[in-house]
Amino acid sequence: MIVPFSVSDFLDRAVQVYGERVGVVDEPDQPAPPLGGGELTYAQLGSLARRQAAKLDELGLEVGDRVAIVSHNSARLLTSFFGVSGFGRVLVPVNFRLRPDEVHYIVKHSGARVLLVDPELEETLEDVPAEFKLVLGRDEDLYAPEGVEPRPWEPDENATATINYTSGTTARPKGVQITHRNIWVNAVTFAMHAAVTDRDVYLHTLPMFHANGWGMPFAMTGLGVRQVVIRKIDGAEILRRVRDQGVTVMCAAPAVAAAVLDAAQAWEGEIPGRDRVRIIMAGAPPPTKTVIRVQEELGWEFIQIYGLTETSPLLTINRSRAEWDDLSAEERAVRLTRAGAPALGVRLAISEHEENAGEVLARSNVVLEGYWEQPEETGRALAGGWFHTGDGGVLGDDGFLTISDRKKDVIITGGENVSSIEVEDVLFSHPAVAEVAVIGVPSDRWGETIKALVVLAEGVTATEQELIAWCKEKAAGYKAPTSVEFRDQLARTATGKLQKFKLRAPYWEGRDRQVN
């Protein structure tokens, strides 16, 4: 018997098994009233998802139509994963940090008929057009009246459930098509490897728009986990939520761990969650000292994963093993900073092809269907029946992967992908810039930060702060360089191509790998 997978399976189980349990604790400090008065049982979450789907029926949306949402973490965003995708439409979660023109591009490129907007962003995004534009928090516009049932949808596990836009080797972001099958396999294997149970309490420190919150909205819902929504990241507030809500698990980029470690220095009393919390990190391999500090100063378990938006995202996981128990803290930390061993159902290989020698290749049921409306990019990414990650790496004899270099022109800062080409385009538009190369340089806090190497046009001047401000005006703030260095010339090949490996080398000297 083959029964098609659907994202609705996760919420259906939660409603049936944990209906009266509080499933979602919404962010109390937000511009809209917290959904359900602040706490939602899984039965209420299920009702709201059905009412959202019924409202989309009322608007005339068909199966396969796209619904874009630009929002900070919220219970309404969490509900939309089920109210939109669970009934055959396609959710397009958009990074709330993007500029209006960037959001406009995504809405237009995806063909989204509906745009859901966080009330904090309503004025900022007022010029972004959509057939139906609704503000989160005006619930009469979002949900049909109680008792109105949506049209049923016959699940198709190979149908696109979400389109997640990610920066890559092109200046414009690509829309990653993630299917119901991708989401299902990722959520189930992730929950298994992280040993999630219905006794856990999950804190949504990771943006839900980012690779669908790594699949945690689905995994945690299916297992009846209490989910605590946090809107804006603050180290001390994370510690307070851990204490007050009994949090046991969270996912985070290295910058979040750094914020918590900083806050812990001023925390009065015992650090909350000691010997109880596990923090799952990705975005960039953290320094070994960060791993040691998480384990010793916080008393939290450190788990490392590796993946991409295109892989739903889980490819590898690295969790301390019984064989490592007798090692020193430093030796364990060194092992834990590796990307990890392949997750169940993932096959990894290292390319030996001359053009992309050393590139990490992956095969799995979590790999994307394709890039939305970009068949050529899809063909390149899936050439030869393998997904080409764009990352350089090494597979050890024990099967563990270590990421050693990033072959794509992508910088990962604070867990966000930034296309260096896009930043270069912005800087090139400044009249004082004659040449520019944008590279990632190591940062203990952010993993990497963005550095621009600039050759000024003859007879023209510009300051570092002026160029940084220019970037912040033209693109999302997190894409702006944190530093600018002025050069007389930039290293190039005989054919004029920038030699970024040479430009990066001095900043990565003494490190075993060219990612941080």
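The structure reproduced in this document is the subject of the present report.

Cut-offs used in this document
The residue numbering used here restarts from 1 in each chain and proceeds along that chain's sequence as written. Only residues with pLDDT of at least 70 get local features here, since the model is predicted, and only at 80 or more are side-chain atom pairs given and counted; chain-wide, interface and lining totals rely on the full set of residues. Note that water and hydrogens are dropped before the side-chain values are worked out from all heavy atoms of the structure. Secondary structure elements are defined from DSSP: runs of H or I of at least 4 residues count as helices, runs of E of at least 2 residues count as strands, and each element is numbered from the N terminus. Using C-alpha atoms as the atom set, the radius of gyration is obtained and then compared with a globule rule of 2.2 Å times the number of residues to the power 0.38. Buried residues are those whose accessible area, probed at 1.4 Å on protein chains only, stays under 20% of the maximum for their type, while exposed residues exceed 50% and partly exposed ones sit between those limits. By the convention used here, residues are in contact when the closest approach between their heavy atoms is within 4.5 Å. Note on areas: Shrake-Rupley with a 1.4 Å probe; residue coverage comes only from the protein chains shown. A pocket here means an open set of points on a 1 Å grid, computed over the protein atoms alone, that has protein on both sides within 12 Å along at least five of seven lines. A cavity is instead a set of points where a 1.4 Å probe fits but cannot get out; residues with an atom within 4 Å of a point line either one. Grid points are joined across faces, edges and corners, and a volume is the space filled by probe spheres set on the points. Any residue outside Ala, Val, Leu, Ile, Met, Phe, Trp, Tyr, Cys, Pro, Asp, Glu, Lys and Arg is labelled polar, Gly included; the first ten of those are nonpolar and the last four are charged. Two strands pair if DSSP finds at least two bridges between them. Axes here mean lines fitted to C-alpha atoms, for a helix over just the part in contact, with angles spanning 0 to 180 degrees between N-to-C directions. Crossing handedness is read from the near helix: turned anticlockwise from the far helix by less than a right angle, it gives a left-handed crossing, and turned clockwise, a right-handed one. Within 3.5 Å is the distance limit for a polar contact, defined as a pair of N or O atoms, with the added protein rule that one can donate a hydrogen and the other accept it, and that residues adjacent in sequence qualify only through two side-chain atoms. Only buried residues count toward a nonpolar core. Its members are Ala, Val, Leu, Ile, Met, Phe, Trp, Tyr and Cys residues joined through side-chain atoms within 4.5 Å. The rule for a salt bridge is simple: a side-chain nitrogen of Lys or Arg has to be within 4 Å of a carboxyl oxygen of Asp or Glu. Working definition: roughly parallel below 35 degrees, roughly antiparallel above 145 degrees, roughly perpendicular at 65 to 115 degrees, and oblique for all remaining angles. By construction, the arc corresponds to the directions joining the helix axis to the C-beta atoms.

Points about the overall build of the chain
- What the chain contains, in helices and strands, is 15 helices and 25 strands.
- Computed over C-alpha atoms, the radius of gyration of the chain comes to 23 Å, within 12% of the 24 Å expected from 2.2 N^0.38 for 516 residues, which places it in the range of a compact globule.
- For the chain, the spread of C-alpha atoms along the three principal axes comes to 70 × 60 × 50 Å.
- When each of the 516 residues of the chain is scored for burial, the buried share is 59%.
- Long-range pairs, those at least 24 residues apart, make up 69% of the contacts in the chain with a sequence separation of at least 6.
- Here the chain has roughly 21000 Å² of accessible surface; of this, 48% comes from carbon and sulfur atoms.

Description of empty space enclosed by the protein
- Under the counting rule described, the total for this entry stands at four cavities of 30 Å³ or more.
- Volume-wise, the second largest cavity comes out at about 60 Å³.
- Every residue lining the second largest cavity is listed: Q52, K55, L56, L59, V67, V84, V114, L116, L134, D141 and L142.
- The set of elements that each furnish at least two residues to the lining of the second largest cavity consists of α2 (42-58), β5 (114-117) and α5 (139-142).
- When residues in the lining of the second largest cavity are grouped by element, the largest group, three residues, is from α2.
- The residue makeup of the lining of the second largest cavity, split by class, is eight nonpolar, one polar and two charged.

A closer look at the pairing of strand β9 (residues 201-204)
- In β9, alternate side chains face the same way, and those of V201 and L203 on one face and Y202 and H204 on the other are all buried.
- Of the pairings in the sheet, the one linking β9 to strand β10 (residues 226-229) comprises four bridges and is parallel in character. Directly across from H204, in β10, lies its bridge partner V229.

Observations regarding the packing of helix α10 (residues 288-298) against helix α11 (residues 329-336)
- The contact between α10 and α11 brings their axes to 9 Å, and the two run at 115°. Where α10 crosses over α11, the two elements pack in a sense that is right-handed. Of α11, the residues touching α10 (which contributes T288, V291, I292, Q295 and E296) are A329, E330, A333, V334 and L336.
- Residue composition of the contact of α10 with α11, grouped by class: six nonpolar, two polar and two charged.

Here we look at the environment of K232
- One can find K232 in the loop between β10 and α8 (235-245).
- For K232, the residues in contact, after removing those within four places along its chain, are H72 and E120.
- Polar side-chain contacts of K232 include one of 3.2 Å to the side chain of E120.

Quick word on the sheet that holds strand β15 (residues 341-342)
- The mixed open sheet is built from nine strands, whose spatial order is β2-β1-β10-β9-β11-β12-β13-β14-β15. This sheet does not close on itself; its edge strands, each paired only once, are β2 (39-41) and β15.

So, the sheet that holds strand β25 (residues 483-486)
- Read from one edge of the open sheet, three strands run β23-β24-β25, paired in mixed fashion. At either end of the open sheet lies a strand with only one pairing partner, and these are β23 (433-443) and β25. Strand-to-strand twist across the sheet, computed as the mean angle between neighbouring axes with direction ignored, equals 25°.
- Bridge count between β23 and strand β24 (residues 447-456): ten bridges; the pairing is antiparallel.

A few points about the nonpolar core
- Of all hydrophobic cores here, the largest spans 76 residues; its most connected members are W214 and I280.
- Residue contacts for I280: discarding those within four places in its chain leaves F190, A194, W214, V249, M250, C251, A252, I303 and I305.
- Counting 43 residues, the second-largest nonpolar core is a separate cluster that includes A68, L115, L121 and V426.

Here we look at the pattern of salt bridges
- Counted by the stated rule, this structure contains 30 salt bridges.
- With a closest N to O distance of 2.9 Å, D118 and R231 form a salt bridge. With D118 in the loop between β5 and β6 (132-135) and R231 in the loop between β10 and α8, this pair connects stretches of sequence that are 113 residues apart.
- For the salt bridge of R138 with E122, the shortest nitrogen-to-oxygen distance reads 3.0 Å. Of this pair, R138 sits in the loop between β6 and α5 while E122 sits in the loop between β5 and β6, placing them 16 residues apart in sequence.
- Taken together, the salt bridges that share partners define one network made up of E27, E237, R240 and R241.

Thoughts on the packing of α2 against helix α3 (residues 75-83)
- Relative to each other, α2 and α3 sit at 65°, their axes nearing to 8 Å. When the axis of α2 is compared with that of α3, the two are roughly perpendicular. Seen along the crossing, α2 lies across α3 with a hand that is right-handed. Facing α2, whose interface residues are L45, L48, A49, Q52, A53 and L56, α3 presents T79, S80, F82 and G83.
- A per-class count over the contact of α2 with α3 returns six nonpolar, four polar and no charged.

A look at α8
- Buried residues of α8: G235, I238, L239, R241 and V242, and no others. End-on, the buried residues of α8 take up no more than an arc of 160°, which puts them together on one face.
- Structurally, α8 contributes buried residues whose contacts are with β9, β10, β11 (249-252) and α9 (254-265).
- Between a side-chain oxygen at the N-terminus of α8 and the backbone nitrogen of A236 the separation is 3.2 Å; the capping residue is D234.
- Within two residues after α8, G246 carries a phi angle of roughly 70°, on the positive side.

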